[in-house]
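Structural overview for review
Listed below, chain by chain, are the residues.
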Amino acid sequence: MPNSVGNNSNSNSVSNGTSSFPDFFQGWLVTQRSYLEQLNSLISSSQNHPDEDLLKSLVGRVLAHYQNYYETKSRAASENVFLLFSPPWFSTFERTFLWIAGFKPGVAFRIVDGQVGDELTAQQHQRIQRLWAETRSMEKALSDEMVRLQENIVGPSWVYMVGRTDGQVVNGEVDELVGTTRGGLTDLVVNADYLRATTARELVDILTPIQAAKFLAAIAHLQLKIRSWGLQKDAERATIS
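Now for a description of the structure that goes with this document. Everything numeric in this text was worked out from a predicted model, so none of it was measured. (Residues numbered from 1 in each chain as written. Predicted model: local features only at pLDDT ≥ 70, side-chain atom pairs only at ≥ 80, totals over all residues. Heavy atoms only, no water.)

We now examine the side chain of Arg196. Structurally, Arg196 can be placed in helix α8 (residues 171–206). A relative accessible area of 8% places Arg196 in the buried class. Apart from the residues lying within four places of it in its own chain, the contact partners of Arg196 are Tyr70, Lys73, Trp99, Ile100, Ala101, Gly102, Phe103, Pro105 and Val189. (Helix = DSSP H or I, 4+ residues; strand = E, 2+ residues; numbered from the N terminus. Buried < 20%, exposed > 50% of the residue type's maximum accessible area, 1.4 Å probe, protein only. Contact = heavy atoms within 4.5 Å.)

Written out as structure tokens, the structure reads:
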């Protein structure tokens with residue numbers, strides 16, 4: 001969720017595709033760390049007298065930062081969606097958290113509960129429970145679609161081509177199957193990212209400005225800690241080998 005300068009420069013620097021996405025992602029993380037510092041500073045200064053206008057403004061910029069990430073990732077998926085399922089710009093540890101090329105949306109609810117669960121009103125609890133039920137239903141539908149696509153990858157058409165004894169696999173047949181699989185996975189990633197983004201936005205709408213700031217700070221902190229630890233472990237393994 002970059003500031004306006006970071007957002008524009010990142011968007012312009014990645015005209016399209018996975019070839020530029022790692023560079024975009026590195027720049028995006030720099031802005032993410034900056035936003036985490038801003039969130040923590042404003043949360044600390046707002047404990048007794050929250051400035052709701054400042055909080056809303058910062059929360060909005062943070063959400064826009066994530067939106068920029070998803071839009072750029074969508075362009076990368078259009079170029080090479082297969083790479084997003086095992087992205088080399090992530091550490092080995094980060095890749096263990098991937099669900100359809102990103103975090104599971106349900107993680108957001110655990111973060112809300114851990115950060116501001118004891119601050120929520122009865123009405124907020126009810127609204128969050130309804131949203132959680134809707135999100136779980138969508139997660140299941142997307143997971144089922146992922147399973148269907150995986151089954152297609154090892155399905156009869158592929159098995160037939162691999163097992164042909166005459167060696168006459170027509171390139172057009174392969175291209176058609178790859179294209180179908182690529183299209184399905186691209187749609188799946190876009191829909192999963194849409195669910196991630198809308199879940200976060202709807203949670204923010206339910207929370208007060210100070211609660212939303214705490215929620216977004218916790219998400220950023222978790223993401224950056226996972227990345228830091230993962231990169232450290234990969235570096236240690238490389239040294240040993």
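Before going further, it helps to examine the packing of helix α3 (residues 52–84) against helix α9 (residues 209–240). α9 packs onto α3 with a crossing angle of 35° between their chain directions and a minimal axis gap of 9 Å. The two elements α3 and α9 meet at a crossing, and its hand is left-handed. Residues Glu52, Leu55, Lys56, Val59, Val62, Leu63 and Tyr66 of α3 form the contact with α9, whose participating residues are Pro209, Ile210, Ala212, Ala213, Leu216, Ile219, Ala220 and Gln223. Looking at the contact of α3 with α9 residue by residue, the class counts come to 12 nonpolar, 1 polar and 2 charged. (Axes fitted to C-alpha atoms, helices over the stretch in contact; angles between N-to-C directions. Left-handed = near helix turned anticlockwise from the far one by under 90°. Nonpolar A, V, L, I, M, F, W, Y, C, P; charged D, E, K, R; others polar.)

Counting residues in hydrophobic clusters, the biggest one holds 59 residues, and the most contacted among them are Phe215 and Leu216. Those elements that place two or more of their residues in this core are α2 (21–45), α3, α5 (107–116), α6 (122–153), α8 and α9. It is α3 that provides the largest number of residues to this core, a total of 12 residues. (Core = buried A, V, L, I, M, F, W, Y, C linked by side-chain atoms within 4.5 Å.)

This next bit is on the packing of aromatic side chains. Tallying each qualifying case throughout the model produces 14 aromatic pairs. Taken together, a centroid distance of 6.0 Å and an interplanar angle of 45° make the contact between Phe97 and Phe103 tilted. Relative accessible area serves as the criterion here: at 32%, Phe103 is assigned to the partly exposed category. Aromatic ring contacts, followed pair by pair, group Phe21, Phe24, Phe25, Trp28, Tyr66, Tyr69, Tyr70, Trp89 and Phe90 into a single cluster. (Phe/Tyr/Trp six-rings, centres within 6.5 Å; stacked < 30°, edge-to-face > 60°.)

Okay, the environment of Thr31 next. With respect to the helices and strands, the residue Thr31 is situated in helix α2. Spatially, the C-alpha atoms of Thr31 and His65 are 8.4 Å apart, while their sequence positions differ by 34 residues.

Turning our attention to the packing of α2 against α9. Close contact between α2 and α9 brings their axes to 9 Å; oriented N to C, the two are set at 135°. Here α2 is positioned oblique relative to α9, judged by the angle of their axes. Read as a crossing pair, α2 and α9 show a hand that is left-handed. Contacts between α2 and α9 involve Phe25, Gln26, Trp28, Leu29, Gln32, Arg33, Leu36, Leu39, Asn40 and Ile43 from the former and Ile210, Ala213, Lys214, Leu216, Ala217, Ala220, His221, Gln223, Leu224 and Arg227 from the latter. Here the residues of the contact of α2 with α9 are counted per class, giving 12 nonpolar, 5 polar and 3 charged. (Parallel < 35°, antiparallel > 145°, perpendicular 65-115°, else oblique.)

What follows deals with the pattern of salt bridges. Pairing between side chains of opposite charge can happen when the charged atoms of each approach one another. Under the defined criterion, the tally for this structure stands at 8 salt bridges. In this structure, Lys73 engages Asp193 in a salt bridge whose closest nitrogen and oxygen atoms are separated by 3.0 Å. Of this pair, Lys73 sits in helix α3 while Asp193 sits in helix α8, and the two are 120 residues apart along the sequence. Pair check on accessibility: Lys73 and Asp193 agree, each one buried. Across the pair Arg148 and Glu145 runs a salt bridge whose closest N-O atoms are separated by 2.6 Å. Here the residue Arg148 and the residue Glu145 both occupy positions in helix α6, the gap between them amounting to 3 residues, near one helical turn. Look at Arg148 and you get partly exposed, because its relative accessible area is 39%. On the basis of relative accessibility, which here comes to 27%, the residue Glu145 falls in the partly exposed class. (Salt bridge = Lys/Arg side-chain N within 4 Å of Asp/Glu carboxyl O.)

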